[in-house]
Amino acid sequence: AAACVSTTRALQPAFSWERLPRFWHAGNASGPLNATLVEFVARRGWAIATIEKMQAQAASPASQHAEAKIIAAARQLKAASPTLPVIFYLNSVMDWPQYDLHAELTSAPQYWLSDDDGQPIVIRKPGCEPPNSSASIVHVFDHAQRKMRQLFLGVLRRAKVSGAVDGCFLDRGNTNATSGLG
């Protein structure tokens, strides 16, 4: 929570029990948000718009720089609707490979969670085939380590100070983590 605190008041979603709010949680994996989608999100009365991890994943450089791509989409939405609260997506458990955080951790694997035998704890990506290939798994953050927490919170701080992001969506309430690929 500290990563998303700033001296300026973040936009809050409108709420009423008479009309429950609607939330937009998505992204365009093929590239930047197009004008039609920006208009749809900006003018539809969404209480919050969350930019997902797959935003612009296919855009060059493919499967890289998710943080910058999410922030770019957030800027597009803010330009069209400055009062729309825009939320940055980051999984709190899974180290998705399209994030710069993952690139940083590949050179510092000691910040990934491992079992008592030093084997990495991994999570299988839903729907990936074959299920035991290295492409079908992601590593798990070891938040017990102070340095890992600093790296993780740094991602959220940079998103917040971009000026395009009002808050953070930290996904993952449970996990199917396991040692190795088995």
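Note that the structure is predicted; figures quoted are calculated from it, not measured.

A few words on the confidence of the model for the protein. On average, the protein scores 87 in pLDDT, and the residues at 70 or more come to 83%. Taken together, the stretch residues 1-7 has pLDDT below 50 and engages in eight contacts with residues farther than four places along the chain or on a different chain.

On to the environment of Arg44. Within the element layout of this structure, Arg44 appears in the loop between helix 1 (35-43) and strand 2 (48-51). Residues Arg44 and Trp24 lie 20 residues apart in sequence; the distance between their C-alpha atoms is 9.6 Å.

The subject of this paragraph is the packing of helix 1 against helix 2 (residues 66-80). Axis angle and axis distance: for two packed helices, these are the angle between their axes and the distance between the axes, and together they describe the pair. Where helix 1 contacts helix 2, the two axes come as close as 9 Å, and the packing angle between them is 60 degrees. Relative to helix 2, the element helix 1 lies oblique. The interaxial crossing formed by helix 1 with helix 2 has right-handed handedness. For the pair helix 1 and helix 2, contact is made by Val38, Val41, Ala42 and Arg43 and by Gln76, Leu77 and Ala80, respectively.

A separate point is the nonpolar core. Core analysis: the largest hydrophobic core is formed by 42 residues, its most contacted members being Leu77, Phe88, Tyr99, Leu101, Leu105 and Met148. Contributions of two or more residues to this core are made by helix 1, strand 2, helix 2, strand 3 (86-91), helix 3 (100-106), strand 5 (121-124), strand 6 (137-140) and helix 4 (146-161). Element by element, the count of residues in this core is highest for helix 2, at seven residues. Not counting residues within four places of it along the chain, the set of residues in contact with Tyr99 comprises Lys53, Ala66, Glu67, Ile70, Phe88, Tyr89 and Leu90.

So, on to the pattern of salt bridges. Counted according to the given criterion, the structure contains three salt bridges. Of the charged contacts, one joins Arg43 and Glu39 as a salt bridge, the two residues approaching to 3.5 Å between their closest N and O atoms. One end of the pair, Arg43, and the other, Glu39, are both in helix 1, four residues apart, so they sit about a helical turn from each other. Between Asp166 and Lys78 there is a salt bridge, with its nearest N and O atoms 2.6 Å apart. Separated by 88 residues along the polypeptide, Asp166 in the loop between helix 4 and strand 7 (167-171) and Lys78 in helix 2 bring together distant segments of the chain.

Below, the discussion takes up unusual backbone geometry. The peptide bond linking Ser60 to Pro61 adopts the cis configuration, its omega dihedral lying at -5 degrees. Note that Pro61 resides in the loop between strand 2 and helix 2. Positive phi, close to 55 degrees, is recorded for Ala56, a residue that is not glycine. As for its placement among the helices and strands, Ala56 is situated in the loop between strand 2 and helix 2. With relative accessibility at 5%, the residue Ala56 sits in the buried group.

For any pair of aromatic rings, the description consists of the separation of the ring centres together with the inter-plane angle of the planes. In total, this model carries three aromatic pairs according to the counting rule given. Judged by centre distance (5.7 Å) and plane angle (20 degrees), the rings of Tyr89 and Phe169 are stacked. One end of the pair, Tyr89, is in strand 3; the other, Phe169, is in strand 7, and 80 residues separate them in sequence. Its relative accessible area of 0% is what places Tyr89 among the buried residues.

Turning to the pairing of strand 3, a few remarks are in order. Counting buried positions over the six residues of strand 3 gives six, a clear majority of the element. Neither face of strand 3 is exposed, since Val86, Phe88 and Leu90 on one face and Ile87, Tyr89 and Asn91 on the opposite face are all buried. In terms of strand pairing, strand 3 meets strand 7 through five bridges, oriented parallel. Residue pairing in the sheet places Asn91 in a bridge with Asp171 of strand 7.

Here is what the cut-offs are and how they apply
- Residues numbered from 1 in each chain as written.
- Predicted model: local features only at pLDDT ≥ 70, side-chain atom pairs only at ≥ 80, totals over all residues.
- Heavy atoms only, no water.
- pLDDT = per-residue confidence, 0-100.
- Contact = heavy atoms within 4.5 Å.
- Helix = DSSP H or I, 4+ residues; strand = E, 2+ residues; numbered from the N terminus.
- Axes fitted to C-alpha atoms, helices over the stretch in contact; angles between N-to-C directions.
- Parallel < 35°, antiparallel > 145°, perpendicular 65-115°, else oblique.
- Left-handed = near helix turned anticlockwise from the far one by under 90°.
- Core = buried A, V, L, I, M, F, W, Y, C linked by side-chain atoms within 4.5 Å.
- Buried < 20%, exposed > 50% of the residue type's maximum accessible area, 1.4 Å probe, protein only.
- Salt bridge = Lys/Arg side-chain N within 4 Å of Asp/Glu carboxyl O.
- Phe/Tyr/Trp six-rings, centres within 6.5 Å; stacked < 30°, edge-to-face > 60°.
- Pairing = 2+ DSSP bridges.

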